[in-house]
Every structure is written in C-alpha cells, then in structure tokens.
Amino acid sequence: MSNRALLVIDIQESFRQREVWQQTLHPDIADRADRLVSLARAAGDLVVWVLHTEPGSGGVFDPESGHVRYLYGLSGPESGDVELRKTAHNAFTTTNLQQVLTERGVTELVVCGIRAEQCVETTARVGSDLGYRITYVADAVTTEPLGGLSAEEVVERTKLVLSGRFAEIATIADLEAVAASAA
C-alpha cells in the first residue's frame with residue numbers, strides 16, 4: 001500500500017436528475033474517473049468513494065430518492081476500498097476520512113469528481129490545510145455553467161485558485177505517463 005489515496009467525489013446519479021446536467025462539461029466523468037481508479041489500484045493506492053447526501057431534504061440528494069448511488073457506468077468500490085457518505089461540501093467535515101487516511105499512512109491525495117468548484121475544490125482546500133499533498137485532476141472533474149461563466153471557465157478558475165496554493169494541477173494523461181515511467 002502506498003501513501004497515496006484517490007478520492008472519487010460525488011460521481012453519483014443525483015446530478016443526472018437535475019436539468020442542468022445537460023450542460024455538464026464532461027458527461028463521460030465515470031470513464032474519466034475509472035481511468036484514475038485503474039491507476040490507483042495498479043499503484044496500490046487506497047481508493048475512497050464519497051457520495052453526497054442530504055437526508056430529509058426530499059430532493060435528489062436525499063437517500064430516500066434512490067438517486068444517491070454511483071453514476072451509471074462508474075466501476076464502483078471493490079474489496080479494500082473505502083466508502084463514505086457526507087453531508088457537507090468537503091469530504092472531511094462530516095465523515096471519518098481523516099481518521100481513515102491517518103490509520104493507513106496516507107499523505108497524498110488525488111481528487112476527482114463532480115462539481116469541480118464546489119465539493120472537489122473544497123475537499124482539496126481542506127485536505128491541503130490538513131497537511132496532505134493534493135493533486136487536482138482537472139480533466140477528471142465536471143461541472144455546469146455558473147454565474148455567467150461557462151463550465152470550462154469554472155474549471156479554469158478553479159485550477160487558477162488551487163494551483164500553487166492548495167494543489168498541484170494534473171491531467172489524467174499526466175498521471176498515466178508518470179505511472180508508465182515508474183513501471
């Protein structure tokens with residue numbers, strides 16, 4: 001087991017139930033995340049699957065809706081992986097993620113998922129503040145247009161504010177090349 005973990009954040013059916021999903025940047029986010037899952041497993045990294053829940057809300061993130069499940073096409077957890085359900089934007093505050101990572105000696109996090117500028121970015125920032133080395137995989141995140149910005153502009157803005165402060169920015173191809181050179 002390495003000292004690195006992949007966090008697969010909120011890649012869940014809840015998002016596909018919202019009208020705005022039609023404008024998502026990467027509707028193939030499941031395939032993109034699965035490329036990272038394959039890399040993580042090959043390297044012996046921990047894979048952590050996170051789902052966002054809003055119990056009692058009556059919305060698409062309410063577990064009673066039936067939509068709080070992994071996005072169709074996503075490989076999903078295997079034996080040895082960790083599954084968490086959160087109710088906050090970041091994956092730390094309302095889960096035992098930090099305890100799990102500490103117990104397993106994890107010091108580096110690779111993050112991907114849905115809402116590049118929300119749950120993925122917030123997890124990266126909190127993780128950085130907690131002392132983890134963060135890699136934000138910019139083409140393994142997705143989002144929709146926001147506040148007059150296109151989805152692409154939202155991701156570019158997120159990369160800009162994270163880079164050099166909270167995270168290293170990488171692409172799937174970057175990580176695949178590193179893995180290939182280490183093999």
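Keep in mind the model is a prediction, meaning the values are calculated, not measured. (Residues numbered from 1 in each chain as written. Predicted model: local features only at pLDDT ≥ 70, side-chain atom pairs only at ≥ 80, totals over all residues. Heavy atoms only, no water.)

Student: Whenever I open this one, the overall build of the chain confuses me. Can you help?
Tutor: Across its full length, the chain carries six helices and six strands. Along the chain, helices and strands appear, N-terminal first, in the series β-α-α-β-β-α-β-α-β-α-β-α. Relative to its length of 183 residues, the chain is compact, with a C-alpha radius of gyration of 15 Å against a globular reference of 16 Å. Taking the principal axes of the C-alpha coordinates as reference, the chain spans close to 45 × 30 × 30 Å. Per-residue burial for the chain yields a buried fraction of 50% across its 183 residues. In the chain, of all internal contacts separated by at least 6 residues, the share reaching a separation of at least 24 is 76%. Accessible surface computed for the chain: about 8400 Å², of which carbon and sulfur atoms make up 49%. On the chain, the mean spot of the 16 positive side-chain charges and the mean spot of the 26 negative ones are 2 Å from each other. (Helix = DSSP H or I, 4+ residues; strand = E, 2+ residues; numbered from the N terminus. Rg over C-alpha atoms; globule rule 2.2 N^0.38 Å. Buried < 20%, exposed > 50% of the residue type's maximum accessible area, 1.4 Å probe, protein only. Contact = heavy atoms within 4.5 Å. Areas by Shrake-Rupley, 256 points an atom, 1.4 Å probe, with all protein chains shown as cover. Lys, Arg positive; Asp, Glu negative; His and termini not counted. Charge placed at Lys NZ, Arg CZ, Asp CG, Glu CD.)

Student: Looking at this structure, how should I read the pattern of salt bridges?
Tutor: Side chains that carry opposite charge are capable of pairing whenever their charged atoms lie near each other. Following the criterion strictly, the structure yields 14 salt bridges and no others. Between Glu121 and Arg157 there is a salt bridge; the shortest N-O distance is 2.9 Å. Of this pair, Glu121 sits in helix H4 (residues 116-129) while Arg157 sits in helix H5 (residues 151-162), placing them 36 residues apart in sequence. Here the residues in one salt-bridge network are Arg41, Glu78 and Asp81, joined through shared partners. (Salt bridge = Lys/Arg side-chain N within 4 Å of Asp/Glu carboxyl O.)

Student: Help me understand helix H2 (residues 29-43) in this model?
Tutor: Note that an α-helix has 3.6 residues per turn; residues three or four places apart therefore point the same way. Over its 15 residues, H2 runs 21 Å from end to end, which matches the ideal 21 Å to within 8%, given 1.5 Å per residue. Residues Ile29, Ala30, Arg32, Ala33, Asp34, Leu36, Val37 and Ala40 constitute the buried set of H2. As for H2, its buried residues are in contact with strand E1 (4-9), strand E2 (46-52), strand E4 (108-114), strand E5 (133-142) and helix H6 (172-182). (Expected span 1.5 Å × (residues − 1).)

Student: What exactly am I supposed to notice about the nonpolar core here?
Tutor: It is characteristic of soluble globular proteins that their nonpolar side chains tend to be buried jointly. Membership of the largest hydrophobic core comes to 30 residues, with the highest contact counts inside it found for Leu46, Val48, Leu97, Leu101, Leu109, Val111 and Tyr136. The residues touching Tyr136, leaving out its near neighbours within four places in the chain, are Val111, Ala116, Val120, Glu121, Val141, Thr158, Lys159, Leu162, Ala167, Glu168, Ile169 and Ala170. If you look at the next biggest cluster of nonpolar residues, it comprises 25 residues, including Ala33, Val37, Cys112 and Ile114. (Core = buried A, V, L, I, M, F, W, Y, C linked by side-chain atoms within 4.5 Å.)

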